[in-house]
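These are the residues of each chain, in order.
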Amino acid sequence: MSDEDVDDDVDDTEEEKEEVEVEEKGDVVGEGEEEEEEEEKEAPEEEEPQVSNPLTDEIMKEGLSLLCKTANGLAHAFVKLEAREKELTDISLIQNFIHLRYVDLSDNLLRDLSPLAALTHLLWLKVDGNRLTSASMDELPYLQIASFANNHIKDTHGISHPRLASLSLKGNEIEIVSGLDPDKLINLHTLELRSNNLKSTAGLCLPKLKNLYLAQNSIITLEGLEGMVQLTTLHLRDNQLENLDGFSENMKSLQYLNIRGNAVLQLQELSKLQMLPMLRALVLLDNPCSDEGDYRVEVLVLLPNLERLDKDFYEQEERAEADEIRQRRREEELELQREREREKELEQVRHKRE
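Quick caveat, the model's predicted, so the values are computed rather than measured.

1. A word on the overall build of the protein
- Scanning the protein from terminus to terminus reveals 3 helices and 13 strands.
- Looking at the protein alone, contacts between residues at least 24 apart form 35% of all its contacts between residues at least 6 apart.
- Put simply, the protein shows about 20800 Å² of open surface, and 45% of that area lies on carbon and sulfur atoms.

2. Concerning the nonpolar core
- In this structure, Phe 148, Leu 282 and Val 299 are the most contacted members of the largest nonpolar core, which totals 79 residues.
- Listing elements by their share of this core, those giving two or more residues are α1 (57-63), α2 (295-302) and α3 (316-353).
- If one sorts the elements of this core by residue count, α2 sits on top with 6 residues.

3. Some remarks on the pattern of salt bridges
- Summed over all chains, the structure comprises 13 salt bridges.
- Between Lys 154 and Glu 173 there is a salt bridge; the shortest N-O distance is 2.5 Å. A residue pair is termed long-range when its members are at least 10 positions apart, and Lys 154 in the loop between β5 (145-147) and β6 (166-168) and Glu 173 in the loop between β6 and β7 (190-192) qualify at 19 residues.
- Given a relative accessible area of 26%, Glu 173 falls into the partly exposed group.
- Its salt-bridge partner being Asp 238, residue Arg 237 comes within 3.4 Å of it at the nearest N-O pair.
- Through salt bridges with shared partners, one network takes in Arg 84, Asp 104 and Asp 107.

4. Some thoughts on the side chain of Arg 308
- Structurally, the position occupied by Arg 308 is in strand β12 (residues 308-309).
- A polar side-chain atom of Arg 308 sits 3.0 Å from the main-chain carbonyl oxygen of Asp 310.

5. Thoughts on the packing of aromatic side chains
- A full pass over the atoms with the stated rule returns 0 aromatic pairs.
- The side chain of Arg 296 reaches across the aromatic face of Tyr 314, ending 4.5 Å from its centre.

6. Describing the pairing of strand β1 (residues 64-69)
- As paired elements, β1 and strand β2 (residues 76-82) share 5 bridges and run antiparallel to each other. Each bridged residue has a counterpart across the sheet, and for Lys 69 the counterpart in β2 is His 76.
- Remark: 6 residues form the turn of the hairpin made by β1 and β2, two consecutive strands paired antiparallel; Gly 73 in that turn has positive phi of roughly 75 degrees.

7. Points about the environment of Val 264
- By the element assignment, Val 264 lies in the loop between β10 (256-258) and β11 (281-283).
- Put simply, Val 264 and Asn 243 are 21 residues apart on the chain and 5.6 Å apart in space, counted from C-alpha to C-alpha.
- When sequence neighbours within four positions are dropped, the list of residues in contact with Val 264 reads Leu 241, Glu 242, Leu 244, Glu 269, Asn 287, Pro 288 and Cys 289.

8. Digging into the pairing of β2
- Sheet topology note: the β2/strand β3 (residues 102-104) ladder contains 3 bridges and is parallel. Pairing of Lys 80 across the sheet is with Tyr 102, part of β3.

9. Re unusual backbone geometry
- The residue Glu 87 is not glycine, and still its phi comes out positive at about 55 degrees.
- Here Glu 87 shows up in the loop between β2 and β3.
- With phi around 55 degrees, Asp 238 is a residue other than glycine that occupies positive phi space.
- Inspection of the secondary structure puts Asp 238 in the loop between β9 (233-235) and β10.

10. Section: the confidence of the model for the protein
- With 86% of its residues at a pLDDT of at least 70, the protein reaches an overall mean of 87.
- A low-confidence stretch, residues 1-43 stays under pLDDT 50, and its non-local contacts, those more than four residues away or across chains, total 48 contacts.

11. Examining the side chain of Ser 248
- Position of Ser 248 relative to the elements: it lies in the loop between β9 and β10.
- Relative accessible area serves as the criterion here: at 11%, Ser 248 is assigned to the buried category.
- Polar contacts involving the side chain of Ser 248 include one to the main-chain amide nitrogen of Asn 250, which spans 3.0 Å.
- Those residues in contact with Ser 248 that sit more than four places away from it in its chain are Glu 226, Met 275 and Leu 276.

What counts and what doesn't
Residues numbered from 1 in each chain as written. Predicted model: local features only at pLDDT ≥ 70, side-chain atom pairs only at ≥ 80, totals over all residues. Heavy atoms only, no water. Helix = DSSP H or I, 4+ residues; strand = E, 2+ residues; numbered from the N terminus. Contact = heavy atoms within 4.5 Å. Areas by Shrake-Rupley, 256 points an atom, 1.4 Å probe, with all protein chains shown as cover. Core = buried A, V, L, I, M, F, W, Y, C linked by side-chain atoms within 4.5 Å. Buried < 20%, exposed > 50% of the residue type's maximum accessible area, 1.4 Å probe, protein only. Salt bridge = Lys/Arg side-chain N within 4 Å of Asp/Glu carboxyl O. Polar contact = N/O pair within 3.5 Å; in protein donor to acceptor, adjacent residues only side chain to side chain. Phe/Tyr/Trp six-rings, centres within 6.5 Å; stacked < 30°, edge-to-face > 60°. Lys NZ or Arg CZ within 6 Å of the ring centre and 35° of its normal. Pairing = 2+ DSSP bridges. pLDDT = per-residue confidence, 0-100.

Spelled out as structure tokens, the structure:
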């Protein structure tokens, strides 16, 4: 499960505290001095050559733990390795430890994970904060949880572990999702793609997915969601959505939707969520439409099955008021319809007389 829990207040999530600071640099022009029209071109930063720092027997000895029986039950071996913050650039030695099941290599300088292909019993992998540009790996038959957060990964190709249940790719540089094969990722239920560069939800057709976290991207279009029949949680906070097109009546399991911090202008857009029969919790703060008067009641008028809006559950008094408004508007609409029909009949009579 991602660190953003459906039952937690949005204000309590890590993303509330993660702000990107942008430093603006400009030339200071003194009095009487002329501003130069041509800006100085900054020379591209050259990456320092990487000094080789391989995984050693000493680091292995220090990081190994959890003595268990081997898969065949005939011997014992350490199955857990933690080697964080060691400035590692090469993990070739890990190929000799084929019984490892839990591996944490976070906060190193790794660019290549190919030696992990030898760990065919691996269940849990964490390689956050390295220098990876891809999450592509040879298929690991038992891998269930994998985290590649805060690297420099640019695509989602090469992820095909058949038992993978939870995948984190947050804090990378992914612009388009492609290559996630639903026929291979048949057990994937949680996908974390927060803080990437996505502009669309295309490519996320994973029917078994239950939790999808897409906050802090640049998403302007929702598409390809119609196949997500088991999705229960959809987190879209801090994107650039202006409308709510793209939801599908096939999304019969969706219960929690967070679209806080987008650009939805009209509350009427919420009528597009009426096709979601199980929707019970909606986070809508920090959208232009949330500044409208009687905001909470107006949302409930449109979505009568909603139980919670933003931080607060609906009170019975709010429900009664919303029911009354809904009924009154329905009656007004019926009256307008009857009036139009009468006008149409009168028009037909006039034409006959003429």
